[in-house]
There are 2 protein chains.
Amino acid sequence: MTDETIEIEGDADGYALEAKKVQKILTAVETGDERQLASLLEPLHPADVADLLEQIEDRPRADLLDLWKSGFDGEVLSELEENLREEVIDQLTPDALASAVRDLESDDVVDLVEDLGDEQQEAVLDALGAMDRQAVETALAWPEESAGRLMQAETVRAPEHWTVGETIDYLRGEEDLPDQFYHVILIDPRMKPVGYVTLGRLLGSRREVPLRDLIEDSFRIIPAMQDEGEVAYAFNQYHLISAPVVDEDGRLVGVITIDDAMAVLDEEHEEDILRLAGVGEGSLTDRVINTTRQRLPWLAVNLVTAILASLVIAQFEIALQQIVALAVLMPIVASMGGNAGTQSLTVAVRSIATKDLTGSNVWRVIRREVAVGLINGVIFAIVMGIVGVIWFGSPMLGIVIALAMVINMVAAGLAGTVIPVILEKLKVDPALASGAFVTTVTDVVGFFAFLGLAVVLLL
Amino acid sequence: MTDETIEIEGDADGYALEAKKVQKILTAVETGDERQLASLLEPLHPADVADLLEQIEDRPRADLLDLWKSGFDGEVLSELEENLREEVIDQLTPDALASAVRDLESDDVVDLVEDLGDEQQEAVLDALGAMDRQAVETALAWPEESAGRLMQAETVRAPEHWTVGETIDYLRGEEDLPDQFYHVILIDPRMKPVGYVTLGRLLGSRREVPLRDLIEDSFRIIPAMQDEGEVAYAFNQYHLISAPVVDEDGRLVGVITIDDAMAVLDEEHEEDILRLAGVGEGSLTDRVINTTRQRLPWLAVNLVTAILASLVIAQFEIALQQIVALAVLMPIVASMGGNAGTQSLTVAVRSIATKDLTGSNVWRVIRREVAVGLINGVIFAIVMGIVGVIWFGSPMLGIVIALAMVINMVAAGLAGTVIPVILEKLKVDPALASGAFVTTVTDVVGFFAFLGLAVVLLL
C-alpha cells in the first residue's frame, strides 16, 4: 500500500522532491521496471536519492534497493540518516557495497563508518584499497566530533619560499590532487603551516611573485583535538573557506573546508532545536519504538515537574474548596510564566551558543530579562485583573491574580536567564536541561504565588 | 559602572572573547588611553570587535567609538547586529563613516545598508565611489531576501571554448579579480552559464586542455529571484561551493559563494528557534522596551489560549467543588500533553524546513506520531494511575487520570503533526504559529478529558 500524497511544497523553484516524481519511482518499483527506475533515479543528486529512501515505506524501499542494486551510489550512503544507513548496508550485497564505497573520498568514508557497528564497519573497510583503508583508520584514531575526524588528510602545500610559478608547475605535475581545495598552504621546514594563498590569487599573479607576498589575513590554524562545534563557529565567525589542521606539535595533518563546517553548523543547530523541545536525537525515519524511547525520558522529567507543581497546589486544598474560581484561574498564571520563561531561556541558550552571552554582559542581560518580565508582567496583570473582576465579580480576586502574574513573570525572566548560565558553568548543555528547570520554577512560583496570595487576601 | 564578570566560557581553545581582554579594553576606554586601546583592538577580527561592542554597555561603547574613531573598520559595521549598527553609524563622523565604508566589497555594503533608514542609507552611499555606488544600487533593486541581493555581481567567466592556458593568461592579465572566487564559469555567447571549472582543476591541468573537459557535475544555476532560504538549502543539500546566478532570461548576473549561504542558513536556523519559542526577532542588544514589545504578542496569544482552557475548567465547577483532588491533578494531564505536543510539533516543523516531511510521507509520519503518543500515553497513564491511587486512595480517580493521559497524548501527537502541515499548506510559517494552536489543543483536550471523565465516573 502506498500513502496518499499531499503536496506540501508547491513552490516551483523549490528543491524538494516532487510528490509526482516519488509516485513515478514507486510505480516503477512496484512493476519491477528496472530501466524506468534507473532513468528516474540517475538524474537525481545522491542527497535527493537519500531523501527519497528516507521518505518511502520499508517495503518499497527494500524492493527499490533490490531492483537498483547495480546502480547504487556510495554517496547516497553518506547522505542517509544514520539509522537508515545501517539498514540499507544490510540490504546491499557485499559486491554492491564494495563498489559503492570504493568511489568515495576518504573523509566521506570516515563519516560513513564512524557510527556503524563493528561488523558493518569491517565490511566497509574490507571493500577499500589498502591506502584508503589506512587513511580512514588514521582518521578514526582522532576522537569523535573532533577537528581530526572532520578534516581531510590530503593537503595541498608548498614551502614558504616558493614562487607562484614553482607552485603552479608543482600542481600541474601532481597526479593526485584532492577533489576540492581552495588554498595552497605554506609550510616551514618542520611542516608547520605559516600562511595560505587562495587559488584565485595564485592564478591572478605573475609567475615570479613569491607566495609569501600573497598570503591571506584570514589565516587561522585549527588544533586537531578541537571540538567540531568550535570549528564550525570559527568558520562562521571569521568567514573561513578552508583552514589547516595541526597536531599537538603544530605540524600540518589535514585541512577542513567550509562545506564540512557548514554541515556541522547545520547539525548543531538541529540538535539545539530538538534538545530545546525535549526531543533527543530524533529523526523521521526512526522506528516508532525508538522514537518512543527517545522522548520518554523528557516526558518523565516533565511528569516529576508537574507532580511537584501539584504538590504545591495540594497545600491549598482548603482554599480551593472554598473558592472554586481559584482552580479555574490558576493554570493561567502558570502558563503565562511558563511561556515567558521559555522566551527568556531560548534567547539565553542561543546567546550562549553563539558566544554573545559571556561573562562581560551576563549581569546586564539578567537585569534586562527581569525588566522585560516586570513590564510584560504588569501589562498582563492589568488585563487579567480586569478579566478576573468581570468574570468572577471579585475585585480582590482580580488583585490576587494580577500580583501573582507580576511575580511569576519576573521569576520567569530571572530563571530563564540564570538557569542556562549556571548549567553552562556546570558543563551541562543548557539546551538540554534548561526547559525542565525553568518550567519547574514558573509552575511552582505561579501556583504558590496565586494560591498563597488568595489565602492571605481572600480567606 | 562596569559589570562584574563571570567567566562562562572556560575552554582554552574556544573562540569567545575572554572576559579579561574585555576588562582590559574597558579600562583603556575609561582612562582614555588611545594607544593602549588601539593595540588591544587591532589584533582582533572585525567579527570579534562587533561582538565586543554588542556586549558592553551604552556609555563605554560610545566612549570607545569616540576614542577609536580613526581606526574604525567598515567590516565591524557589517558584523554588527542591525539595531546596534544604526546607533554606531549615528555616532561616527561623516569622515569616519566614509573611510570605513570605502574598503568594503559591494555585496558587504548591500548587506550593510539594506536595513538602514533612508537618511543613513544615503549617507553610506554618498561615501562610495560612483562605480561602487552603482553596483550597490543595482543589487538593492532585487527583492529583499532574494538570491539577487545575496550574490556578488563580480563574476569570473570564460567562453566555453577556451583552454586552460587561455584562461590562466586572461586571469593573470585581469586587474580587478574578486577577493574570493572558486570557479571559472563557462558561458555561451548569450551569457548563459553552461558549466564551471574549479580553480584546483584549472591549476592541475595542462595548458592545452579545453575547459569543457574539466567541468564539474555539481553545477547548479540559481535564479536571481529565488528566496535566499532556498539558496542556502541548495548549498547545504548539494554541497555547492559557489553557484552562478541568472536573471529571467537565463543570463549570468552574479555568483553566490558558500560563505554567504552559510550565513543565511545560520540566520534561518536562529529565526526558527526563536519563533518556536515565541520570541520574534529578538537579540541581546535590543533595548528593554523593544524586547518587551517583541515578546508581548506571543504572550497575548498564550493568554487567550490559557483563558480558553480556563473556560473549559469553568464548565466543571461543581465537580471541582466536590472533589478537590481534581484541581490538584488536572495540571499534570495538560502539562504532559503540552510537552508531548511540543515534541511532535518541533520534529514536524524542522522536517518541513529540511524538506524531509513531504506529501509522500505525511500520512506515515502522522501515524507514527499518533502511535508514539499512544505508547507513551499508556506508559504514563499507568504511572499516573498508580500515583493517583496512592496519593488520593481512589482507584477510580487513578483510572480517570490514566484514561485522560492516553487521550491527551494521542491528541498531542496528532495535533503536533497535523497543525504544522496545515499551516505550511496555508503559507503560514509553521515555526511561528504552531505552538499556540498545539497548546490550545492539548490544554482543552487535557482538561476536558480529565474533568469530563471525572464527572462520568466519579460523581
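No experiment lies behind these values; they were computed from the predicted model shown.

**Student:** Tell me about the overall build of chain A, and name the residues and values.
**Tutor:** Helix and strand counts for chain A come out as 21 helices and six strands. Expected size for 459 residues packed as a compact globule is a radius of gyration near 23 Å; at 29 Å, chain A overshoots this value by more than 25%. Dimensions of chain A along its principal axes, counting C-alpha atoms only, are 90 × 65 × 45 Å. The 459 residues of chain A split such that 58% are buried.

**Student:** How would you summarise helix α4 (residues 58–68) of chain A if you had to cite specific residues and measurements?
**Tutor:** All names here are of chain A. Every buried residue belonging to α4 is among P60, R61, L64, L65, L67 and W68, and all of these are buried. Down the axis of α4, the sector holding all buried residues measures 165°, keeping them to one side. Summarising the geometry of α4, the exposed residues directed more than 90 degrees from the buried face are R59 and D66.

**Student:** Any details on the interface of chain A and chain B? Residues and values, ideally.
**Tutor:** Facing 139 residues of chain A, the contacting portion of chain B comprises 139 residues. Our count for the contact surface shared by chain A and chain B stands at six salt bridges. The closest approach of N and O atoms between R295 of chain A and E369 of chain B, which form a salt bridge, is 2.7 Å. At the junction of chain A with chain B, the criterion picks out 51 residue pairs in polar contact (both at pLDDT 80 or more). Looking at the side of chain A that touches chain B, its residues break down into 75 nonpolar, 33 polar and 31 charged.

**Student:** Outline the pattern of salt bridges, listing residues and values.
**Tutor:** Within this structure, the stated rule accounts for 42 salt bridges over all chains. With a closest N to O distance of 3.9 Å, E216 of chain A and R201 of chain A form a salt bridge. Taken as a pair, E216 of chain A in the loop between α13 (199–204) and β4 (222–223) and R201 of chain A in helix α13 lie far apart in primary sequence, 15 residues in all. The closest approach of N and O atoms between R61 of chain B and E87 of chain B, which form a salt bridge, is 3.6 Å. In this pair, R61 of chain B is assigned in helix α4 (residues 58–68) and E87 of chain B in helix α6 (residues 82–91), connecting sequence segments 26 residues apart. Residue classification places E87 of chain B among the partly exposed positions, given a relative accessible area of 25%.

**Student:** Just give me the short version of the nonpolar core, but keep the residues and values in it.
**Tutor:** With 81 residues, the main nonpolar core has F450 of chain A together with F450 of chain B as its most contacted residues. With twelve residues, helix α18 (residues 324–353) of chain A is the single largest residue contributor to this core. Contact partners of F450 of chain B, with chain neighbours within four places excluded, come to L326, L329, M330, V333, V400, I401 and A404 of chain B. Counting 60 residues, the second largest nonpolar core, distinct from the first, contains I256 and V264 of chain A together with Y196 and L252 of chain B.

Procedures and definitions
Residues numbered from 1 in each chain as written. Chains lettered and ligands numbered in written order. Predicted model: local features only at pLDDT ≥ 70, side-chain atom pairs only at ≥ 80, totals over all residues. Heavy atoms only, no water. Helix = DSSP H or I, 4+ residues; strand = E, 2+ residues; numbered from the N terminus. Rg over C-alpha atoms; globule rule 2.2 N^0.38 Å. Buried < 20%, exposed > 50% of the residue type's maximum accessible area, 1.4 Å probe, protein only. Arc of directions from axis to C-beta. Contact = heavy atoms within 4.5 Å. Salt bridge = Lys/Arg side-chain N within 4 Å of Asp/Glu carboxyl O. Polar contact = N/O pair within 3.5 Å; in protein donor to acceptor, adjacent residues only side chain to side chain. Nonpolar A, V, L, I, M, F, W, Y, C, P; charged D, E, K, R; others polar. Core = buried A, V, L, I, M, F, W, Y, C linked by side-chain atoms within 4.5 Å.

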